[in-house]
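Structural features, examined
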Amino acid sequence: MKKAPRRLLVSCYGNLSRGDDGLGPRFADALLERAPEITVEVGYQLALEDAATIADYDIVVFVDAAIDATEGFYLRRIQAEPKTGFSSHSVRPGHLLALSEQLFDARPEAFALGIGGIAFGDFAEQLSETATRNLSAALDHFLAWYDRSFCSQPDIRVSAQHLERVVWALGA
């Protein structure tokens, strides 16, 4: 029986008017240019309602600006983080995973893609040079991961002649 393809959601968020904080939405734009087949959601920030959305996917990648991306970016596996109280300004990806599990019995595999930025304080619509470089590197890394994880299908067709040689070599 053929396995159903895994459903991927890329959830990008950030404030385009706050310089490098807009790395998430900028990643979404760049990703859709290069891989329009990927489902991408873009928002200003994560919301509790996103728990229902992620419940429909097998894999979710949350993309945001990061101040702790010492190598320019990181792609890390993340787990559900139960939380007892919520504020609309403090929802983290792990909180959404916990809600998705609790409310919808869904447990998508999840990753955080943090893209390093340095200019967050001023109102600006442009990314810093550092953030622009990190965005490019993160996008290339993500697309390589995507190709390995979703697009590569090993060719397992074997000719009858090759199969006969293998059987003969094994002495069967």
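Residues numbered from 1 in each chain as written. Predicted model: local features only at pLDDT ≥ 70, side-chain atom pairs only at ≥ 80, totals over all residues. Heavy atoms only, no water.

1. A word on the pattern of salt bridges
As enumerated under the stated definition, the model contains seven salt bridges in all. Notably, a salt bridge pairs Asp 58 with Arg 7, separated by 3.0 Å at the nearest N-O pair. Of this pair, Asp 58 sits in the loop between α2 (50–54) and β3 (59–66) while Arg 7 sits in the segment before β1 (8–13), and the two are 51 residues apart along the sequence. Classification of Asp 58 as partly exposed rests on a relative accessible area of 29%. Owing to a relative accessible area of 42%, Arg 7 belongs among the partly exposed residues under this scheme. (Salt bridge = Lys/Arg side-chain N within 4 Å of Asp/Glu carboxyl O. Helix = DSSP H or I, 4+ residues; strand = E, 2+ residues; numbered from the N terminus. Buried < 20%, exposed > 50% of the residue type's maximum accessible area, 1.4 Å probe, protein only.)

2. Some details on the nonpolar core
Counting 29 residues, the largest nonpolar core has Val 10, Phe 27, Leu 31 and Phe 142 as the members making the most contacts within it. Looking at this core element by element, the count peaks at nine residues for helix α4 (residues 129–151). Setting aside residues up to four positions removed in sequence, Val 10 forms contacts with Phe 27, Leu 31, Ile 38, Thr 39, Val 40, Glu 41, Val 61, Val 63 and Phe 142. Core analysis: the next-biggest nonpolar cluster, separate from the first, contains 18 residues, Leu 9, Ala 66, Ile 78 and Leu 96 among them. (Core = buried A, V, L, I, M, F, W, Y, C linked by side-chain atoms within 4.5 Å. Contact = heavy atoms within 4.5 Å.)

So, to be careful, I would describe these as geometric facts and stop short of saying anything about function.
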